Amino acid sequence: MATIEECRTALDKLSDNMAGAEGDVRSAAALDRSLSCRITDLGITFVGRLKDGRIEVLDTLQGPPHDKAQIRLTMKGDDLVSMVNGDLNFAKAWGSGRVKLEAGLRDLFRLRTLL
């Protein structure tokens, strides 16, 4: 099972990858939205913002988030680490229910390019 530190490192790596992206991926990452990433097996939620092509983690909470973020991810820690490392395909994980992504319809269309 991935640790809190490994999950936070994976989010930082994802942020760095997005910041270095070009073209359609860079455009998709240019959203300014509140963001939460709930790690179910650890019982924590990272909350922050997707802004200027980066993920800014502002806090780590116990349990589910207090407020509903505009973009919400839910998954196990190992799945987050595997996706960021390229070992788990997001679309397959989302389609099988291993990863849950909730957002407005317009944001979902933009994020599909990113993820």
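Computed from a predicted model, the values in this text were never measured in an experiment.

A. Local environment of the overall build of the chain. Each helix and strand counted, the chain has five helices and five strands in total. Overall, the chain shows an N-to-C arrangement of helices and strands of α-α-β-β-β-β-α-α-β-α. With respect to the three principal axes, the spread of C-alpha positions in the chain is 35 × 30 × 25 Å. Of all 115 residues assigned to the chain, the portion counted as buried reaches 40%. For the chain, the share of sequence-separated contacts (at least 6 apart) that also reach a separation of at least 24 residues comes to 59%.

B. Region of the structure containing the sheet that holds strand β1 (residues 33-39). Read across the sheet, five strands follow the order β3-β2-β1-β4-β5 without closing on themselves; strand pairing throughout is mixed. Every other strand in the sheet has two partners, leaving β3 (54-62) and β5 (100-103) as the edge strands with one partner each. Sheet twist, expressed as the average angle between the axes of neighbouring strands with direction ignored, equals 20 degrees. With eight bridges joining them, strand β2 (residues 44-51) and β3 adopt antiparallel strand pairing. Its bridge partner lying in β3, Gly 48 is registered against Val 57. Sitting on the sheet, helix α1 (residues 4-19) is in contact with β1, β2 and β3, with an inclination near 160 degrees to β3.

C. Expanded view of the pattern of salt bridges. For the structure on display, the rule yields six salt bridges. Here Glu 102 and Arg 72 are joined by a salt bridge, their closest N and O atoms 3.8 Å apart. Taken together, the residues span a long stretch of sequence, with Glu 102 in strand β5 and Arg 72 in strand β4 (residues 71-75) at a distance of 30 residues.

D. Local environment of α1. Over its 16 residues, α1 runs 23 Å from end to end, which matches the ideal 22 Å to within 8%, given 1.5 Å per residue. Within the sequence span of α1, burial applies to Cys 7, Ala 10, Leu 11, Ser 15 and Met 18. Along the axis of α1, the buried positions cluster into a sector of 140 degrees, meaning they face one direction only. Among the exposed residues of α1, those pointing more than 90 degrees away from its buried face are Glu 5 and Thr 9.

E. Broad picture of the nonpolar core. One finds Cys 37, Ile 39, Phe 46, Ile 71, Met 75 and Leu 80 to be the most contacted residues of the largest nonpolar core, which totals 27 residues. Contributions of two or more residues to this core are made by α1, β1, β2, β3, β4, α3 (77-84), α4 (90-96) and β5. The element contributing the most residues to this core is α1, with four residues. The residues contacting Leu 80, other than those within four sequence positions of it, are Cys 7, Ala 10, Leu 11, Cys 37, Ile 39 and Met 75.

F. Focus on the UniProt feature "domain: SCP2" (unreviewed entry) in the chain. As recorded in UniProt, the feature "domain: SCP2" (unreviewed entry) lies at residues 32-102. Spanning residues 32-102, this segment combines 21% helix with 45% strand, and its end C-alpha atoms are found 16 Å apart.

Cut-off values and rules
Residues numbered from 1 in each chain as written. Predicted model: local features only at pLDDT ≥ 70, side-chain atom pairs only at ≥ 80, totals over all residues. Heavy atoms only, no water. Helix = DSSP H or I, 4+ residues; strand = E, 2+ residues; numbered from the N terminus. Buried < 20%, exposed > 50% of the residue type's maximum accessible area, 1.4 Å probe, protein only. Contact = heavy atoms within 4.5 Å. Pairing = 2+ DSSP bridges. Axes fitted to C-alpha atoms, helices over the stretch in contact; angles between N-to-C directions. Salt bridge = Lys/Arg side-chain N within 4 Å of Asp/Glu carboxyl O. Expected span 1.5 Å × (residues − 1). Arc of directions from axis to C-beta. Core = buried A, V, L, I, M, F, W, Y, C linked by side-chain atoms within 4.5 Å. UniProt positions renumbered as here; feature names shortened; annotations may be inferred.

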